[in-house]
Amino acid sequence: MGFIKNIFGKKEDGIQVCAPAAGRLVPLSEVSDPTFSDGILGQGAAVIPTGNQFFSPVDGTVTTVFPTGHAAAITSADGVEVLLHIGLDTVKLNGKHFTIHAEEGQQVKKGDLLLEADLEQIKAEGFDIITPIVICNTDDFAEVAMAEAGDVETGDTVLILKK
C-alpha cells in the first residue's frame, strides 16, 4: 500500500476506490468491449482477477445487484457511483457460475464480499473474465486517476478521484 501512497500522496488528496479482487490492474482502454473501453459508462480501470471472490471497493450502499450475479453497483459515502462488472457479456450466462452475497440497500464496507464467480467455468464457456470497475458518475469529478498497472491485491487502491 505504501507504494501507491508514493504515487498519489496522502489519502486526503482524493477519494480512493480499491481493487474488488486480486489480479492484474489494467487501463479500461484494454477492455475489448467498447462500452467500457470507450468510457461510455464512465472512467475507471479493470482487473483481470485471479480469485473467485469480489469485494466492495468502497464504503457505501449497494444500489444494484443484477439478478444474474455478474455485476453490482455501490454508491460510496462520498457519492462515488461504482459499477463492478465481472467479465464481458457474462449476463448471457443468466446467473450460471455466479453467487450473490449482497442485496440492494445493504450498507457495505471496503472488503465486504459482494459476489462470487467460478472463473474457470466462465472461461471454459468462452467468456473473458476481465472485470471493469467503472465510475458511473465520472462527470461529478475533476479527475479519475488510475494507479500504476500491474499486480494488485484485494483492497489496494486502484483509482483516486478528485472533486
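In what follows, the accompanying structure is described. As the structure is a prediction and not an experimental result, all values here were calculated from the model. (Residues numbered from 1 in each chain as written. Predicted model: local features only at pLDDT ≥ 70, side-chain atom pairs only at ≥ 80, totals over all residues. Heavy atoms only, no water.)

Scanning the chain for helices and strands turns up three helices and 14 strands. Relative to a compact globule of 163 residues, whose C-alpha radius of gyration would be 15 Å, the chain shows 14 Å and is just as compact. If you line up the chain on its principal axes, its C-alpha atoms span 40 × 30 × 30 Å. Taking all 163 residues of the chain together, the buried fraction comes to 48%. (Helix = DSSP H or I, 4+ residues; strand = E, 2+ residues; numbered from the N terminus. Rg over C-alpha atoms; globule rule 2.2 N^0.38 Å. Buried < 20%, exposed > 50% of the residue type's maximum accessible area, 1.4 Å probe, protein only.)

With that settled, consider the sheet that holds strand 8 (residues 98–100). Pairing is antiparallel across the open sheet formed by three strands, whose spatial order is 4-10-8. Looking along the sheet, the strands with just one partner apiece sit at the ends: strand 4 (53–55) and strand 8. Across the sheet, the mean angle separating the axes of adjacent strands is 20 degrees when strand polarity is ignored. Both strand 4 and strand 10 (residues 113–117) contribute to a ladder of three bridges, which runs antiparallel. Note on strand 10: the bridge partner recorded for Phe 55 is Leu 113. (Pairing = 2+ DSSP bridges. Axes fitted to C-alpha atoms, helices over the stretch in contact; angles between N-to-C directions.)

So, on to the sheet that holds strand 1 (residues 15–18). In spatial order, the strands read 1-14-12; together these three strands make up an open sheet with antiparallel pairing. In this open sheet, the two strands that pair with only one neighbour each are strand 1 and strand 12 (143–146). Strand-to-strand twist across the sheet, computed as the mean angle between neighbouring axes with direction ignored, equals 25 degrees. Sheet topology note: the strand 1/strand 14 (residues 157–162) ladder contains four bridges and is antiparallel. Along strand 14, the bridge assignment pairs Val 17 with Leu 159.

This part covers the side chain of Ser 76. Looking at where Ser 76 falls in the secondary structure, it is placed in strand 6 (residues 71–76). Assessed through its relative accessible area of 6%, Ser 76 is described here as buried. A distance of 3.1 Å separates a polar side-chain atom of Ser 76 from the backbone nitrogen of Asp 78. Setting aside its immediate chain neighbours within four residues, Ser 76 contacts Val 58, Asp 59 and Gly 60. (Polar contact = N/O pair within 3.5 Å; in protein donor to acceptor, adjacent residues only side chain to side chain. Contact = heavy atoms within 4.5 Å.)

With respect to the helices, strands and loops of the structure, Ser 56 is situated in the loop between strand 4 and strand 5 (60–65). Judged by relative accessible area, which is 2%, Ser 56 ranks as buried. The contacts of Ser 56, once residues within four sequence positions are left out, are Ile 74, Val 108, Lys 109, Lys 110, Gly 111, Asp 112 and Leu 114.

On to the pattern of salt bridges, then. Between side chains of opposite charge, pairing is possible as soon as their charged atoms come close. The tally for this structure, following the rule as stated, stands at two salt bridges. A salt bridge links Lys 96 to Glu 125; its shortest N-O distance comes to 2.9 Å. Separated by 29 residues along the polypeptide, Lys 96 in the loop between strand 7 (81–85) and strand 8 and Glu 125 in the loop between helix 3 (119–124) and strand 11 (131–135) bring together distant segments of the chain. Accessibility expressed as a relative area gives 35% for Glu 125, which makes it partly exposed. A salt bridge links Lys 123 to Glu 120; the shortest N-O distance between them is 3.3 Å. Of this pair, Lys 123 and Glu 120 both sit in helix 3, three residues apart, which is roughly one turn of the helix. Residue classification places Lys 123 among the partly exposed positions, given a relative accessible area of 40%. (Salt bridge = Lys/Arg side-chain N within 4 Å of Asp/Glu carboxyl O.)

That is the geometry; function is a separate question.
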